[in-house]
Amino acid sequence: EKYVAGLDKSSTSFSDKINSLAARYREIDDDYFEELENILIMSDVGVNMVMTIVDEIKKEVRIENIKDPKMINDIIVDKMFVIYANDSYMTTKINYAKEGPTVILMVGVNGAGKTTTIAKLAHKMKEEGKSVMVAAGDTFRAGAIDQLDVWANRLGITCIKGKEGGDPSSVIFDGVKQAKEAGVDVLICDTAGRLQNKVGLMKELEKMNRIIKKTIPEGPHETLLVIDATTGQNGVNQAEEFAKITDITGIVLTKMDGTAKGGIVLSIKDSLNIPVKFIGLGESMNDLQEFDLEQYIYGLCH
Ligand code: GDP
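- In the nomenclature of an unreviewed UniProt entry, the chain corresponds to Signal recognition particle receptor FtsY from the organism Kandleria vitulina DSM 20405.
- As recorded by UniProt, the Sequence similarities (unreviewed entry) comment attached to the chain reads in full: "Belongs to the GTP-binding SRP family. FtsY subfamily."
- Of the chain, the UniProt comment under Subunit (unreviewed entry) reads exactly: "Part of the signal recognition particle protein translocation system, which is composed of SRP and FtsY."

1. Notes on the site of the ligand
Now for step 1: In the vicinity of the ligand there are 18 residues, among which G111, K114, T115, T116 and E283 approach most closely.
Now for step 2: Between the ligand and the protein, one listed contact pairs an oxygen atom with a side-chain N or O atom of T115 at 2.6 Å.
Now for step 3: Contact distances for the ligand include 3.3 Å between an oxygen atom and a backbone N or O atom of G280.
Now for step 4: Considered on its own, the ligand offers 580 Å² of accessible surface; in the complex 80% of this is hidden by protein.
Now for step 5: Looking at the shell around the ligand element by element, the count peaks at four residues for helix α6 (residues 114-127).
Now for step 6: Here the shell around the ligand is built from residues that sort into three nonpolar, nine polar and six charged.

2. A closer look at helix α7 (residues 144-155)
Now for step 1: For α7, which comprises twelve residues, the first-to-last C-alpha distance of 17 Å matches the rise-based estimate of 16 Å (1.5 Å per residue) to within 8%.
Now for step 2: Taken residue by residue, α7 has A144, I145, L148, D149, W151, A152 and L155 as its buried positions. Taken down its axis, α7 places every buried residue within 160° of arc, on the same side. Summarising the geometry of α7, the exposed residues directed more than 90 degrees from the buried face are D146, N153 and R154.
Now for step 3: Buried-residue contacts for α7 involve α6, β2 (132-135), β3 (158-160) and β4 (186-190).

3. With respect to the pairing of strand β1 (residues 102-107)
The side chains of a regular strand alternate, first on one face of the sheet and then on the other.
Now for step 1: The element β1 is largely enclosed, with a buried count of six among its six residues.
Now for step 2: Side chains T102, I104 and M106 project from β1 onto one buried face, and the interleaved V103, L105 and V107 project onto a second face that is buried too.
Now for step 3: As defined by bridge partners, β1 adjoins β4 across five bridges and the pair is classed as parallel. What sits directly across from I104, in β4, is I188.

4. Brief notes about the UniProt feature "domain: SRP54-type proteins GTP-binding" (unreviewed entry) in the chain
Now for step 1: Residues annotated by UniProt as "domain: SRP54-type proteins GTP-binding" (unreviewed entry) correspond here to residues 275-288.
Now for step 2: As annotated, residues 275-288 has a helix share of 0% and a strand share of 43%, and its two end C-alpha atoms lie 16 Å apart.

5. Quick word on the packing of helix α8 (residues 168-182) against helix α9 (residues 198-215)
Now for step 1: Interhelical geometry of α8 versus α9 gives an angle of 25° and a closest axis separation of 9 Å. Taken together, α8 and α9 sit at an angle that is classed as roughly parallel. Crossing of α8 against α9: the hand is right-handed. Where α8 approaches α9, its residues P168, S169, I172, F173, V176 and K180 are matched on the opposing element by E204, K207, M208, I211, I212 and T215.
Now for step 2: Taken together, the residues of the contact of α8 with α9 sort by class into seven nonpolar, two polar and three charged.

6. Examining the pattern of salt bridges
Now for step 1: Tallying each qualifying case throughout the model produces 16 salt bridges.
Now for step 2: E241 serves as the salt-bridge partner of K198, at 3.6 Å between the closest nitrogen and oxygen. With a gap of 43 residues between them, K198 in helix α9 and E241 in helix α10 (residues 233-245) connect regions that are remote in the sequence.
Now for step 3: Take E241: its relative accessible area is 24%, and that puts it in the partly exposed class.
Now for step 4: The partner of K255 in a salt bridge is D228, with the nearest N and O atoms 3.3 Å apart. Of this pair, K255 sits in the loop between β6 (250-254) and α11 (264-272) while D228 sits in strand β5 (residues 222-228), and the two are 27 residues apart along the sequence.
Now for step 5: The class for D228 is buried, based on a relative accessible area of 10%.

Rules used in this analysis
Residues numbered from 1 in each chain as written. Predicted model: local features only at pLDDT ≥ 70, side-chain atom pairs only at ≥ 80, totals over all residues. Heavy atoms only, no water. UniProt positions renumbered as here; feature names shortened; annotations may be inferred. Near = heavy atom within 4 Å. Polar contact = N/O pair within 3.5 Å; in protein donor to acceptor, adjacent residues only side chain to side chain. Areas by Shrake-Rupley, 256 points an atom, 1.4 Å probe, with all protein chains shown as cover. Helix = DSSP H or I, 4+ residues; strand = E, 2+ residues; numbered from the N terminus. Nonpolar A, V, L, I, M, F, W, Y, C, P; charged D, E, K, R; others polar. Expected span 1.5 Å × (residues − 1). Buried < 20%, exposed > 50% of the residue type's maximum accessible area, 1.4 Å probe, protein only. Arc of directions from axis to C-beta. Contact = heavy atoms within 4.5 Å. Pairing = 2+ DSSP bridges. Axes fitted to C-alpha atoms, helices over the stretch in contact; angles between N-to-C directions. Parallel < 35°, antiparallel > 145°, perpendicular 65-115°, else oblique. Left-handed = near helix turned anticlockwise from the far one by under 90°. Salt bridge = Lys/Arg side-chain N within 4 Å of Asp/Glu carboxyl O.

Here it is as structure tokens:
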């Protein structure tokens, strides 16, 4: 039930479409499958995945001799569960350090919702009783440091910062050092999302990783990629680019409240096999939820 409000757009549009499809066809035939394929593709489920799902459904329909289109919804859900139910994808839990601060790097292009997500995540962890610090490692985008600082003040947590245009790695170094000294549980680090300068970004992230490891050898414990779900296939392409540049351990899909195309989750899984760990459902600090694949798939089709 917890996704019903936020994912209204995704679920109504997709389920409305397959329900109306079922209502228009008295019998399942080739035209029916063609329309089903189109609906899935328009929902940003990747083309390969659509083929796999539709093939599986066709098989089931033949073997079970199913004629009534109304029975298809449950079959779609079943097939999606089978396809997506692998352990690595289901792990949405944060990999916390056994001892000392857990270091989380946040990456993603400008405008994806990185800063807001850092605030939401910090808030969520605070509510779970953890102490949190943030480091303003995006020294590139004008205003990024102030924006994070404003959130930190609102949350009553410390924000480690340097100068705009300064070396982001030195901010991260200070952050890790202070987080360790202060004994905080989690340090969340902002980074610049300069995907247009891939070599520069890769070097910057490599340096940050190196600097974190100097103080905390097993860090960073997570590198979370923030993707705007409303960008559809572009978001999937972005994720692929980032995955080439650095090791991504999880994805946060933002603006899921503003998209009718929920299929991006499945598309990302299809092309990268990186778990979606959180979804953003609005602009306030409470609008972040742990991603639940089973509920998501069920919500899509009902
Ligand atoms: P950044 O450039 O990646 O740091 O992006 P920001 O955190 O500044 O977010 C860009 C815009 O998207 C801001 O107006 C946010 O309020 C908005 N935003 C972020 N996450 C969400 C979300 O989950 N839902 C909605 N509706 N808006 C969001």
